[in-house]
Amino acid sequence: MFENHWKLYEGYVLKLNETMKQLSNPYDPELVRKASPASGKLRELETAKSFLNNAVLLHELFFENVILPDNSAPMAPGPQTMSLIQRDFPHVKASDFWDTIIKPTSKAARGWCIVGVNMLQSNMDVAMLDSHEGIIPLGLYPVLIIDMYEHSYSEQYGIDRGTYLDHLKRSINWSIVEHRLATVMSASEMMRISIPEEAEEYIRQQFTDKSDIEFGFPDEDDFPDPQPESTGLDHRNELSIQPNPRAHSAVEDKVTKADLEDAYNQITHLSRVSFSSTDDMFDKVVRGRSPRFRDELWAMMQEGPE
Ligand SMILES: [Fe+2]
């Protein structure tokens, strides 16, 4: 079942790459000219992009969180996971979280069950997706993924989704879930800075000569300079030749020793608790960082920290 599933995943990756190629430079002027909410090539490609992008990422997250090393005993959720369950699901016993919340939500889903942290509200939530590009609450960042598409269980379990979920429960890598939770909770804390009062204060600071600035939709008078003509296609072309920010950070990246050691520890810890190779973990950790960070971390991986 896993081998078939892997083939399906590879197909999604290939199709995603093809789609991104068609959407990238040189941008097809025909696509732009015929853009319409009713139909057309651009709509097809954009729809495919969301579908395939989510199919790839959700499968990667799923594979990673349902694989335990050989002969491992079932794991228990980590301390931060347990304390968030207790805080955000006070009506259930934390030890019954799988059976009372995750299992029924998964059984109700046609595509995916997602346990996540809502980054805009800093709380844990469980949601379902009926399709890769389906609807989930805004801000939900996934920490535990359950594949509920038929291809994930039918060959082995027929229509018995309950037994599939009971078996899956025993192979959840809660250490991965705990790691994802810790990362997303600290990011979520940083995002809370944008509460409305602080955002308004920030904007006031940008307009020191307009301390009585009022908030609302702008009038035309609020824009004394004529707005530049839309650059349309050229602008899109310009954007499409920028390096992929996930692969190469365009922002100046401060590389500190503590930062490097932290990344090194993350890689060595994760490669102990999951099946992913050290190289895969390295790629994940350096995503979005500068070439200098990658080089220095690579050297540390070869030689070990000082
Ligand atoms: Fe799947």
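That block above? That's the structure.
Nothing here was measured: the structure is a model prediction, and the numbers come from that model.

Engineer: Sorry if this is basic, but what is going on with the overall build of the protein here?
Structural biologist: When helices and strands are tallied, the protein shows 13 helices and 3 strands. The 306 residues of the protein split such that 17% are buried. In the protein, the share of contacts with a sequence separation of at least 24, taken over all contacts with a separation of at least 6, comes to 67%.

Engineer: Whenever I open this one, the nonpolar core confuses me. Can you help?
Structural biologist: Looking at soluble globular proteins, one finds that nonpolar side chains tend to be buried together. Ranked by internal contacts, the top residues of the largest apolar core, which has 26 residues, are Trp112, Cys113, Ile114, Val143 and Ile145. Mapped by element, the contributors of at least two residues to this core are α3 (41-65), α4 (79-88), β1 (112-118), β2 (123-129), β3 (140-147) and α8 (174-191). Take this core: its biggest share by element is 5 residues, from β1. Two domains each put at least three residues into this core: domain 1 (2-65) and domain 2 (79-192).

Engineer: What am I meant to see in the packing of helix α1 (residues 2-23) against α3 here?
Structural biologist: As a packed pair, α1 and α3 sit with axes 9 Å apart at the nearest point and diverge in direction by 145 degrees. Between α1 and α3 lies a crossing whose hand is left-handed. Across the interface between the two elements, Tyr9, Tyr12, Val13, Lys15, Leu16, Thr19, Met20, Gln22 and Leu23 of α1 pack against Leu45, Ala48, Lys49, Leu52, Asn53, Ala55, Val56 and His59 of α3. By residue class, the composition of the contact of α1 with α3 is 11 nonpolar, 4 polar and 2 charged.

Engineer: Where do I start with the sheet that holds β3 in this structure?
Structural biologist: Think of a sheet as strands paired side by side through backbone hydrogen bonds, with each pair either parallel or antiparallel. Strand order across the open sheet formed by 3 strands is β2-β1-β3, with antiparallel pairing between neighbours. Whereas interior strands pair on both sides, the edge strands pair on one side only; in this sheet they are β2 and β3. Pairs of neighbouring strands in the sheet enclose a mean axial angle of 25 degrees, with direction left out of account. Bridging between β1 and β2 involves 7 bridges; their strand directions are antiparallel. Directly across from Cys113, in β2, lies its bridge partner Met128. Where α3 meets the sheet, its contacts fall on β1 and β3, and the angle it forms with β3 comes to roughly 65 degrees.

Engineer: For this particular structure, what's the right way to read the pairing of β3?
Structural biologist: Moving residue by residue along a regular strand, the side chains alternate between the two faces of the sheet. Most of β3 sits out of view: 6 of its 8 residues are buried. Pairing between β1 and β3: 7 bridges, direction antiparallel. By the bridge assignment, Ile114 is partnered in β3 with Ile145.

Engineer: Looking at this structure, I do not really get the pairing of β1. What am I missing?
Structural biologist: Within β1, 6 of the 7 residues are buried, leaving the element largely enclosed by the surrounding structure. Hairpin connection from β1 to β2: 4 residues lie between these consecutive antiparallel strands, with Ser122 at a positive phi of about 55 degrees.

Engineer: For this particular structure, what's the right way to read unusual backbone geometry?
Structural biologist: Excluding glycine, most residues fall at negative phi; most peptide bonds, likewise, are trans. Within the chain, Asn71 stands out as a residue other than glycine whose phi angle is a positive 60 degrees. Position of Asn71 relative to the elements: it lies in the loop between α3 and α4. Despite not being glycine, Ser122 has its phi angle at roughly 55 degrees, a positive value.

What counts and what doesn't
- Starting from 1, residues in each chain are numbered consecutively following that chain's sequence as written.
- Whole-chain, interface and lining totals are the exception, using all residues; otherwise, since this is a predicted model, local features are given only for residues with pLDDT of at least 70 and side-chain atom pairs are given and counted only at 80 or more.
- We count a stretch as a helix when DSSP gives it H or I for four or more residues in a row; a strand needs E for two or more, and each element gets its number in order from the N terminus.
- Exposed residues have 12 or fewer other C-beta atoms within 10 Å of their own C-beta, buried residues have 20 or more, and partly exposed residues fall in between, where C-beta atoms are placed from the backbone.
- Working definition of a contact: two residues with C-beta atoms, positioned from the backbone, lying within 7 Å.
- Connectivity within a nonpolar core runs through C-beta atoms within 7 Å, and the core itself is a set of buried Ala, Val, Leu, Ile, Met, Phe, Trp, Tyr and Cys residues.
- Note that the domain bounds were set by an automatic or database domain assignment.
- Between the N-to-C directions of two axes lies an angle of 0 to 180 degrees, each axis being a line fitted to C-alpha atoms and, for a helix, fitted only over the stretch in contact.
- In a left-handed crossing the near helix is turned counterclockwise from the far helix by less than a right angle, and in a right-handed crossing that turn is clockwise.
- For this scheme, ten residues count as nonpolar: Ala, Val, Leu, Ile, Met, Phe, Trp, Tyr, Cys and Pro. Four count as charged, namely Asp, Glu, Lys and Arg, and the remainder, Gly too, count as polar.
- Note on pairing: DSSP must find at least two bridges between two strands before they are called paired.

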